[in-house]
Amino acid sequence: MKSSLSWLRVLVLFFTIFGLMEYFIDSGDKPAFITYPMAQLFLIFILMLLIGIELILNAIENVMYQTLDDEAKERYLASKNKKWQWTWGKRAYKKLLGSKPIEAEGEIILDHNYDGIRELDNKLPPWWVYMFYATIIFGVVYLVRFHIFNDYDQDLEYQQQVAAAQLEIEEYKKTAKNLVDASTVQLLTEASDLAAGKAIYTTNCVACHMADGGGGIGPNLTDEFWILGGGIKNVFNTISEGGRDGKGMVAWKQILKPLEMAQVSSYILTEINGKIAENPKAAEGELWVNPKVSKKAPDQLKDSISIAVDSTKVVLNQ
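Residues numbered from 1 in each chain as written. Predicted model: local features only at pLDDT ≥ 70, side-chain atom pairs only at ≥ 80, totals over all residues. Heavy atoms only, no water.

**Q** Tell me about the packing of helix H3 (residues 37-66) against helix H4 (residues 70-81), residues and numbers included.
**A** The description of two packed helices rests on the angle between their axes and on the distance between the axes. Interhelical geometry of H3 versus H4 gives an angle of 140° and a closest axis separation of 10 Å. In terms of orientation, H3 lies oblique with respect to H4. On H4, the residues touching Glu61, Tyr65 and Gln66 of H3 are Lys73, Tyr76, Leu77 and Lys80. Looking at the contact of H3 with H4 residue by residue, the classes come out as three nonpolar, one polar and three charged. (Axes fitted to C-alpha atoms, helices over the stretch in contact; angles between N-to-C directions. Helix = DSSP H or I, 4+ residues; strand = E, 2+ residues; numbered from the N terminus. Parallel < 35°, antiparallel > 145°, perpendicular 65-115°, else oblique. Contact = heavy atoms within 4.5 Å. Nonpolar A, V, L, I, M, F, W, Y, C, P; charged D, E, K, R; others polar.)

As structure tokens, this is what we get:
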């Protein structure tokens, strides 16, 4: 029995340390003891250390036992073999059960006798009685709160929970780039997103808009004039839903993921728009002014118009 407890103690301590190591060491998708060879050596060291400590303790205990006289040995063995009992728990259990001991059942036997079967007049268990009282108190509080003072009902609670869930969804969408749409998309500025947008643009957009965005079959993307509106939300929506019926760009929402459309839109607005193309196409559409900006700086507005005019002159001169 003593040996079994020693080994059980070793296993409990070992797996406790193992669990703490896995919890505090960030090893990605794989366990830490697989990712880091040093973790394996650490666990082997801990296991050997625990086994060594148990062997030393058992040896010390055995030596001390051999120094005892016969009477002390008997007392020691009796104390070791004595089973632990949860006396407080047993007393609480009997009190909550409220039943009479078998020796005292004669006091509560009723006069009924059914073919030798006698009936005991036991009281209801205290735990059952206390729970019954608790349900009465709960019922009174519920009646006063919801039927007298007209607190919230199930419909209002449902609406509140739906509103809270909607807020959580909106917050989640801000960080989940692949769930964006035209109303939630934001301009991406990270180098990895712009590099991905450039790759998408090179693969799918160069044929119509040219590598530098000057325009070919499709419109010029370098000026401030947009057929269906500028800005990240309008550009994203144009890529997603397509251009004008009958002669515009096809809808890319069935081909590109929302994140990919956000990346290529951000690349166009960040790396192409505002640059000077080698052979720009004449401006099309209307001058786009960001509605969030109350008034565009006059010099910046002049520069935008000058770029569009210069592009038109180059096309006419050709």
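Now that the structure has been shown, the text picks up again.
**Q** Can you tell me about unusual backbone geometry, naming the residues and giving the values?
**A** With glycine set apart, most residues show a phi of negative sign, and most peptide bonds adopt trans. The backbone of Asn150 sits at a positive phi, close to 50°, despite the residue not being glycine. Relative to the helices and strands, Asn150 is located in the loop between helix H6 (126-148) and helix H7 (154-175). The residue Met210 is not glycine, and still its phi comes out positive at about 75°. For Met210, the position within the fold is in the loop between helix H9 (206-209) and strand E3 (225-226). Overall, Met210 belongs to the partly exposed group, its relative accessible area being 39%. (Buried < 20%, exposed > 50% of the residue type's maximum accessible area, 1.4 Å probe, protein only.)

**Q** Tell me about the packing of aromatic side chains, and name the residues and values.
**A** Tallied over the full model, the rule gives nine aromatic pairs. Residues Tyr201 and Tyr267 carry aromatic rings whose centres are separated by 5.7 Å and whose planes lie at 55° to one another, so their mutual orientation is tilted. Of the two residues, Tyr201 is situated in helix H8 (residues 191-204) and Tyr267 in helix H11 (residues 258-272); the sequence distance between them amounts to 66 residues. The class of Tyr201 is buried, set by a relative accessible area of 1%. Of the aromatic side chains, those joined through ring pairs into one cluster are Phe138, Tyr142, Phe146 and Tyr152. Here the guanidinium or amino end of Lys73 rests over the ring plane of Tyr65, the centre of that ring lying 5.3 Å away. (Phe/Tyr/Trp six-rings, centres within 6.5 Å; stacked < 30°, edge-to-face > 60°. Lys NZ or Arg CZ within 6 Å of the ring centre and 35° of its normal.)

**Q** Go over the layout of surface pockets with me, naming the residues and quoting the values.
**A** Roughly 650 Å³ of volume is contained in the largest pocket. Considering the residues around the largest pocket, the lining is formed by 35 residues, among which His209, Gly218, Pro219, Thr238 and Met249 are closest to the centre. Among the elements of the structure, H8, H9, E3, helix H10 (231-241) and H11 are those that each provide at least two residues to the lining of the largest pocket. For the lining of the largest pocket, the element with the most residues is H10, which contributes four residues. (1 Å grid on protein atoms, 1.4 Å probe; cavity = no way out; pocket = protein on both sides within 12 Å on 5 of 7 lines; lining within 4 Å. Points joined across faces, edges and corners; volume = space filled by probe spheres on them.)

**Q** Got a sec to walk through the pairing of strand E1 (residues 109-114)? Specific residues and values, please.
**A** In this sheet, strand E2 (residues 117-120) lies alongside E1 in antiparallel orientation, the contact comprising three bridges. Residue pairing across strands places Tyr114 opposite Ile117, the latter belonging to E2. Here E1 folds back onto E2, and the loop between the two strands holds two residues, one of which, Asp115, carries a positive phi near 50°. (Pairing = 2+ DSSP bridges.)

**Q** Requested: an account of the packing of H10 against H11, with residues and values cited.
**A** Across the interface, H10 lies against H11 with an axial gap of 9 Å and an inter-helix angle of 125°. If you check the angle between H10 and H11, you find them oblique. The handedness of the crossing between H10 and H11 is right-handed. From H10, Gly231, Ile232, Val235, Phe236, Ile239 and Ser240 reach across to H11, where they touch Pro258, Met261, Ala262, Val264, Ser265, Ser266, Ile268 and Leu269. Tallied by class, residues from the contact of H10 with H11 come to ten nonpolar, four polar and no charged. (Left-handed = near helix turned anticlockwise from the far one by under 90°.)

**Q** Got a sec to walk through the side chain of Glu54? Specific residues and values, please.
**A** As for its position among the elements, Glu54 is in helix H3. Polar side-chain contacts of Glu54 include one of 2.7 Å to the side chain of Arg9. Here Glu54 is in contact with Ser6, Arg9 and Val10, once residues within four sequence places are set aside. (Polar contact = N/O pair within 3.5 Å; in protein donor to acceptor, adjacent residues only side chain to side chain.)

**Q** So what's going on with the nonpolar core? Residues and values would help.
**A** Considering soluble globular proteins, one finds that nonpolar side chains tend to be buried as a cluster. Tyr201, Ile239, Val264 and Ile268 are the most contacted members of the largest nonpolar core, which has 20 residues in total. Sorting the residues of this core by element identifies H8, H10 and H11 as the ones contributing at least two each. Top contributing element to this core by residue count: H11, with six residues. Not counting residues up to four positions away in its chain, the partners in contact with Ile239 are Met249, Val250, Ala251, Trp252, Lys253, Met261, Val264, Ser265 and Ile268. (Core = buried A, V, L, I, M, F, W, Y, C linked by side-chain atoms within 4.5 Å.)

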